[in-house]
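Topology and contacts: notes
Here is how the chains run, residue by residue.
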Amino acid sequence: MALKIVKSQCTVCGACEFECPNAAIKFKGDAYIIDAEKCTECEGQFDAPQCAAVCPVPNTCVPA
Amino acid sequence: MSATLIPISGLQVASRKDMGEAMAKGGGCSSGSCGSSQGPADMDPETWAKVKDHPCYSEEAHHYFARMHVAVAPACNIQCNYCNRKYDCANESRPGVVSERLTPEQAARKVLAVAASVPQLSVLGIAGPGDAAYDWRRTKATFDLVSKDLPDIKLCLSSNGLALPDHIDEIVAMNIDHVTITINAIDPEIGQHIYPWIFYDGKRRTGIEAATILRDRQLLSLEMLKARGVLVKVNSVLIPGINDDHLIEVNKAVKARGAFLHNIMPLISDPAHGTHFGLTGQRGPTGAELKKVQDACAGGANLMRHCRQCRADAVGLLGEDRGQDFTLDKLPEVIADATEARTAYRDWVADERRDRAAAAAQAEATVAETGKSTLFAVCTRGSGRINMHFGKVTEFQIYEADAEGIRFVGHRRADNYCLGGHGDKARMDEILRVLEDVPYVLCSKIGAGPKKRLAEAGIEAIDGLAQDYIETAIAAVLHSKTAHPGRTAESA
Ligand code: SF4
Ligand code: SF4
Ligand code: SF4
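Residues numbered from 1 in each chain as written. Chains lettered and ligands numbered in written order. Predicted model: local features only at pLDDT ≥ 70, side-chain atom pairs only at ≥ 80, totals over all residues. Heavy atoms only, no water.

1. Structural notes on the sheet that holds strand 15 (residues 440-442) of chain B
Residues and elements named next belong to chain B. Heads up, the rule is: Strands are labelled as partners when DSSP assigns at least two bridges between them. Here a helix means four or more residues in a row that DSSP labels H or I, a strand means two or more in a row labelled E, and each is numbered from the N terminus. A fitted line through C-alpha atoms represents every axis, and for helices the fit uses only the stretch in contact; the resulting angles, taken between N-to-C directions, go from 0 to 180 degrees.
Strand order in the open sheet made by the 5 strands is 14-13-12-15-16, with mixed pairing throughout. Strands with a single pairing partner mark the edges of an open sheet, and in this sheet they are strand 14 (405-413) and strand 16 (460-462). Each strand of the sheet is rotated relative to its neighbour by a mean of 25°, with strand direction disregarded. In this structure, strand 15 lies alongside strand 16, joined through 3 bridges in parallel fashion. Bridging from a neighbouring strand, Val 441 pairs with Ala 461 of strand 16.

2. Considerations on the pairing of strand 12 (residues 374-378) of chain B
All names here are of chain B. What counts, and what does not: Only protein chains enter the accessibility calculation, which uses a 1.4 Å probe. A residue is then buried if its area is under 20% of the maximum for its type, exposed if over 50%, and partly exposed in between.
Burial runs high along strand 12: 5 of the 5 residues are buried. Neither face of strand 12 is open: one carries Thr 374, Phe 376 and Val 378, the other Leu 375 and Ala 377, and all of them are buried. Where strand 12 lies against strand 13 (residues 395-402), 5 bridges are found, and the strand directions are antiparallel. Across the sheet, residue Thr 374 finds its bridge partner in strand 13, namely Ala 401. Both strand 12 and strand 15 contribute to a ladder of 3 bridges, which runs parallel. Bridge assignment links Val 378 to a residue of strand 15, and that residue is Leu 442.

3. Regarding the site of ligand 1
Short version of the rule: We call a residue near a given molecule or strand whenever any one of its heavy atoms falls within 4 Å of it. Residues are sorted three ways: Asp, Glu, Lys and Arg are charged, Ala, Val, Leu, Ile, Met, Phe, Trp, Tyr, Cys and Pro are nonpolar, and all the rest, Gly among them, are polar.
Neighbouring ligand 1 are the residues Cys 20, Pro 21, Asn 22, Ile 25, Ile 34, Cys 39, Thr 40, Glu 41, Cys 42, Pro 49, Gln 50 and Cys 51 of chain A. Class assignment of the residues belonging to the shell around ligand 1 gives a composition of 8 nonpolar, 3 polar and 1 charged.

4. Some remarks on the interface of chain A and chain B
The line we're drawing: Two residues form a contact once any of their heavy atoms are found within 4.5 Å. Once two parts are brought into contact, the accessible area they lose, counted with a 1.4 Å probe and summed over both, makes up the buried area. By definition here, a salt bridge exists when the distance from a side-chain nitrogen of Lys or Arg to a carboxyl oxygen of Asp or Glu is within 4 Å.
Each side of the interface is counted separately: chain A has 19 residues, and chain B has 16 residues. Overall, the association of chain A and chain B removes approximately 1400 Å² of surface from exposure, summing both partners, and the carbon and sulfur fraction of that is 50%. Linking chain A with chain B are 0 salt bridges. Within the residue set of the side of chain A that touches chain B, elements represented by two or more residues are helix 1 (15-19) and helix 2 (50-54) of chain A. For the side of chain A that touches chain B, the class distribution of residues is 11 nonpolar, 5 polar and 3 charged.

5. Some points on the nonpolar core
Residues and elements named next belong to chain B. Inclusion rule: Among buried residues, those of type Ala, Val, Leu, Ile, Met, Phe, Trp, Tyr and Cys that are joined through side-chain atoms within 4.5 Å constitute a nonpolar core.
One finds Val 70, Leu 124, Leu 157, Val 179 and Leu 225 to be the most contacted residues of the largest nonpolar core, which totals 59 residues. The element best represented in this core is helix 3 (residues 104-117), accounting for 6 residues. Apart from the residues within four sequence positions on either side, Leu 157 is in contact with Ile 126, Ala 132, Trp 136, Thr 139, Phe 143, Leu 164, Ile 171, Ile 176, His 178, Val 179 and Thr 180. Counting residues in hydrophobic clusters, the runner-up holds 22 residues, among them Met 428, Leu 432, Cys 443 and Leu 454.

6. Considerations on helix 12 (residues 425-434) of chain B
For helix 12 of chain B, every residue scored as buried is listed here: Met 428, Ile 431, Leu 432 and Val 434 of chain B. The inward-facing, buried residues of helix 12 of chain B contact strand 13, strand 14 and helix 13 (448-456) of chain B.

So, in structure tokens, the structure goes:
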């Protein structure tokens, strides 16, 4: 279980990278991507996925 | 011209004149005397030392010094209804234009290049898009790099305040002596219509809860910064129908907590920007509405009226943007700094300011005798003088003269109607609209056609006072009106 970033919507602001408790988000090439291996959907750490909670664009950090 | 007024030619010293001319050619500041009308006389020395070279804080400095912004901190922790971060932060920067996004290293290189070729540079700011305090790692890395190479450049940052209390110690340690906090409401009932959500303490929060937390953190930031001796400017975006009546409360609240300046800016809203307000048809205020709220707040925290809402990657004197000259691909390989040029420029400014203050004081004394309030639209490119062609003007500096003296009260934008070399009716209509309540235009030159159109609308354009200090010219006009009713300043 992991989230992914919809690249066409992403503003490349980096807020999600900053908030991810598991360092699962990295800037690669020209976009932010989520490493599905590391993403836990924030289970047990927060009520809701942090990336989706901070992302300024609706429906951009979504279940993979 | 009346004998009591000092003509500008009598004030000029040869070497300064050369410098002034060189500046005028370079474009210079296109703004008038503005904002907090305080000068050295009515400010404590410590505060004056901090603001005197900062174009955003002192109405005076604003004529002579340049600031630059770099967009290095794109992440934000709240959502404002007037901002669409796909483009730019609509608050600190003009919306709809995407800023060049820079890494801290690139930003530092850019600052170095600008400092080497723009001796007026005195301030580096980090503002939107994004929040400089939330995206702190990038903000701090940029400031660290710049202060290492250019210790004489002042640093400042703008924030929505939510993350600010976490960084107060570092702000003080890094010698950042100016911080801007944007506060649009202190009543959460009103705030909830401006901020749909905030991200705080691991959670997205909405409604009254979000607006309350944000308000509390903003006021806390202000108090903490004030206690540590950091100057705080508060920005408020005037949103008609939402916070227009409320801003006077904001003004009182921020003044009580020691804000140094309060800057009320008009909402910029257009459906094309894709902001919530743009899409819902929320309109921005008219020039007259803005002035009304600013006037209602006068007497509270010092009001700033010269803010141009420049873009986050703006470079130059207020009202001028040379950002395009300094994009990354245009930066030279090797950048040599020019500290001496900045020092020489600062010396020149010190002299120039003294003279302008003397001329203004004299002019004010003259005006005090005439009484009733009159508005003037001034065309200037800086140095406090009437030195711009009417056809070149993109914004008018509005001055008010009455028994209390002569003050800058705001600027009004009107697009250059002279694009392409011939008058464009639509643009002239726009100028007539923004100058609706202004009887006089002061400019260095104006063509016969535009002059006639202004006259038909009851606006008298005067170009006989070119190069005079603004205050001196206004006093001359008023004097000629009282001395010889019915005659213009030109023929007087
Ligand atoms: S859901 Fe949580 S763990 Fe997964 S990428 Fe988003 S913030 Fe990181
Ligand atoms: S927070 Fe959203 S918009 Fe910003 S980088 Fe992450 S996915 Fe992109
Ligand atoms: S946005 Fe306003 S405060 Fe900031 S530099 Fe421009 S004029 Fe100054």
